[in-house]
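# Results of the structural survey
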Amino acid sequence: MGTDNVRILGERAPVWNNTLSHLTGGSVLCGRFKVYANNFNALNVGFDNGKDYIDEKFPDADITTSSHPDGGDWDAFAFAAPHKGTAQKRNFILQNVTGLLYNSEARGHAVLTEGYTGGRLDNITGIGGYHGVIIKACDVTATGIYTYSQSQNGLIIKADNFSDCGNVKVIDHYCRQKPRGTSPWFIPAVVLHGIDLDTNAKPFTGPIFIGFTGASGARWHVHIGGLVPLKDVQIASISTDGMGLDGTIVGEYSYIVEGSTTASRINIGSMNVSNCAHAVYIATPEMNPQQTHITSLYAVNITGAVIRSLDHACINIDVLDAWSVGNLYYMTQLGKIYVGDEKYSALTGPKFDTATLGGSAPALTGGWVQSEGNENFEFCLKGYRAVVKGFISSGTSAAMVSLPLSLRPSFPVRRTMMGIVSGKLVSFPCSIMDTVRTKDGSLPEGITHASLTGIKWDY
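In this report, the structure presented in the accompanying data block is examined.

Calculation rules
Residue numbers here run from 1 along each chain, matching the order of that chain's written sequence. Totals for whole chains, interfaces and linings use all residues, but because this is a predicted model, local features are given only for residues with pLDDT of at least 70 and pairs of side-chain atoms are given and counted only at 80 or more. For side-chain calculations, the full set of non-hydrogen atoms in the structure is used, while hydrogens and water are omitted. For the purposes of this entry, the term helix denotes a DSSP run of H or I that reaches at least four residues, the term strand denotes a run of E that reaches at least two, and both are numbered from the N terminus. Throughout this description, buried means an accessible area under 20% of the type-specific maximum (1.4 Å probe, protein chains only), exposed means over 50%, and partly exposed covers the range between. Contact criterion: two residues are considered in contact whenever any of their non-hydrogen atoms come within 4.5 Å of each other. All accessible areas in this document rest on Shrake-Rupley with a 1.4 Å probe, and a residue is counted as covered only by the protein chains that are shown. Just so you know, the count uses Lys and Arg for positive and Asp and Glu for negative, and it drops His and the chain ends. Note that the charge is assigned to NZ on lysines, CZ on arginines, CG on aspartates and CD on glutamates. Disulfide: a pair of cysteine sulfur atoms within 2.5 Å of each other. Side-chain rings of Phe, Tyr and Trp (the six-membered ring for Trp) are treated as a pair once their centres are within 6.5 Å; stacked means planes under 30 degrees apart, edge-to-face means over 60, and tilted covers the remaining angles. The rule is short: NZ of Lys or CZ of Arg within 6 Å of the ring centre and within 35 degrees of the ring normal puts a charge over the ring. The rule for a salt bridge is simple: a side-chain nitrogen of Lys or Arg has to be within 4 Å of a carboxyl oxygen of Asp or Glu. Should DSSP find at least two bridges between two strands, the strands are taken to pair. Helix axes use the C-alpha atoms of the stretch in contact, all axes being lines fitted to C-alpha atoms, and the angles between their N-to-C directions lie in the range 0 to 180 degrees.

### Re the overall build of the chain
When you go through the chain residue by residue, the secondary structure sums to 1 helix and 33 strands. Projected onto its principal axes, the C-alpha positions of the chain cover 90 × 45 × 35 Å. For the chain, the residues scored as buried account for 54% of the 459 residues in total. Partitioning the contacts of the chain with sequence separation of at least 6, the portion at a separation of at least 24 is 67%. Carbon and sulfur atoms make up 50% of the accessible area of the chain, which totals about 17,900 Å². For the chain, the separation between the mean place of its 35 positive charges and that of its 39 negative charges on side chains is 6 Å.

### Remarks on the state of the cysteines
As used here, a disulfide is simply a covalent bond connecting the sulfur atoms of two cysteines. For the coordinates displayed, the defined rule picks out 0 disulfides. No disulfide involves C175; its sulfur sits 12 Å from that of C276, the nearest cysteine. In this structure C276 comes out as buried when scored by relative accessible area, which is 0%.

### Some points on the packing of aromatic side chains
Here the structure, examined in full by the defined rule, presents 24 aromatic pairs. Over the aromatic face of W185 sits the side chain of K51, whose NZ or CZ is 4.4 Å from the ring centroid. Here the basic side chain of R308 rests over the ring of Y330, its NZ or CZ set 4.4 Å away from the ring centre.

### Quick look at the pattern of salt bridges
Side-chain pairs of opposite charge can arise where the charged atoms are in close proximity. Tallied over the full model, the rule gives 15 salt bridges. Put simply, R265 and D232 hold a salt bridge, and the shortest N to O gap is 2.6 Å. Here R265, found in strand β18 (residues 263-276), pairs with D232, found in strand β16 (residues 230-241); they are 33 residues apart in sequence, far enough to count as distant. Classification of D232 as partly exposed rests on a relative accessible area of 27%. We note a salt bridge from R385 to D458, for which the minimum N-O separation is 3.1 Å. Highlighted residues: R385 in strand β26 (residues 385-389) and D458 in the segment after β33 (455-457), separated in sequence by 73 residues.

### Notes on the sheet that holds strand β25 (residues 378-382)
With antiparallel pairing, the 3 strands of this open sheet are ordered in space as β25-β26-β33. At either end of the open sheet lies a strand with only one pairing partner, and these are β25 and β33. Between one strand axis and the next, the sheet turns by 20° as a mean value, whatever way the strands run. By the bridge criterion, 3 bridges tie β26 to β33 in an arrangement that is antiparallel. Considered in β33, the bridge of V387 is made with K456.

### Quick notes on the sheet that holds strand β27 (residues 391-393)
Where strands meet in a sheet, backbone hydrogen bonds hold them as pairs that are either parallel or antiparallel. A sheet is described by the order of its strands in space; here 8 strands give the open sequence β23-β28-β31-β30-β29-β32-β27-β24, paired in antiparallel fashion. The open sheet is flanked by β23 (363-364) and β24 (369-370), the only strands paired with a single partner. Taken together, the 3 bridges between β27 and strand β32 (residues 447-451) define a ladder with antiparallel strand orientation. Paired with F391 across the strands is S451, a residue of β32.

Geometric values such as these leave the question of function open.
Structure (structure tokens):
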């Protein structure tokens, strides 16, 4: 439909039945609904392209791999540009709208909106399909976005050759394997991305703001990717529970930036992450200090490293609070992690993950070992600096602590340390570059013990 100034007003919004096979109890339009026009409004209506309708209308259809008999995908609702480069429409509004697809593997979008400027989405639910709710548009405000039972993406915010995208504000978004209290006729998939922020072929034309996003049973909750650089994204709160419907951990990352994407000025308020393999993964192809800033990250029951920093990633976290986690950090030689306040308990492995290929960590070297009965050796990321502490002994080399490339200062740093030399507690200089070492590489004669506590530096 391409007629301007159309308003569809239902008597009341429908709900989904217990098995997610059809919509019921309200105003429902069955079959794929396609529209692209100015001043389009739809309120209190459901678009049903689910199992009961498809089985009756297209009994032999393969909705997972084949196109719709009329061409294209098996969408429920599609406000879609007919071809690349189409001028954007204006004034698009959806309110109390649900789109239902056949199952998690249905080839299509539950609610697709693209190619418009100036829009509002209120209380929108997408059930089933490859993709749930899609926003490819400019100057959009969305609130109450619910995505259930997708296999690929819950919510997509995307710019491509079909539509510019920017200045998008999503107040709240919720993603689950299935709606609460339902028993789907199909096995709900573990969605690949709860939210996908994608500069597919074009940069965003303005900032992206997400107030709250909550996901349960998603492999990757917030995914940032694309073919061109992405910048200016703010997310106030991320809440991730990676536990699947079968009681096993299916969540891999709460927040991930893949290595092909250059992301700048990404600001996240709070992250609450539980039952996942990791919390944060960032890899980027080029160095850029204005990357990701996280105000607070609370992690519980994480089986691997909480934060993974690869390639040229640069992650800044004000407060890290972790309980019952495998490791705190995984850093490759070029990955950077800066932490303001580091808190943890019930760590099941070493603080730095070196068991995974490419992982690096500071370590005692030169024969130096922990001095029994004294302060333990520990390397911390605190105050956005590297901090080392501990009382060590028995070394035969001036080099005491080896440092991976990612934790070395950019120029030699000199500090003062304490130690026991010839039976007396004395102070002497130390230097930091590729190692923490006594003096500038010479071992004080008669030294038996050294205190690393209080040594810190920028890196």
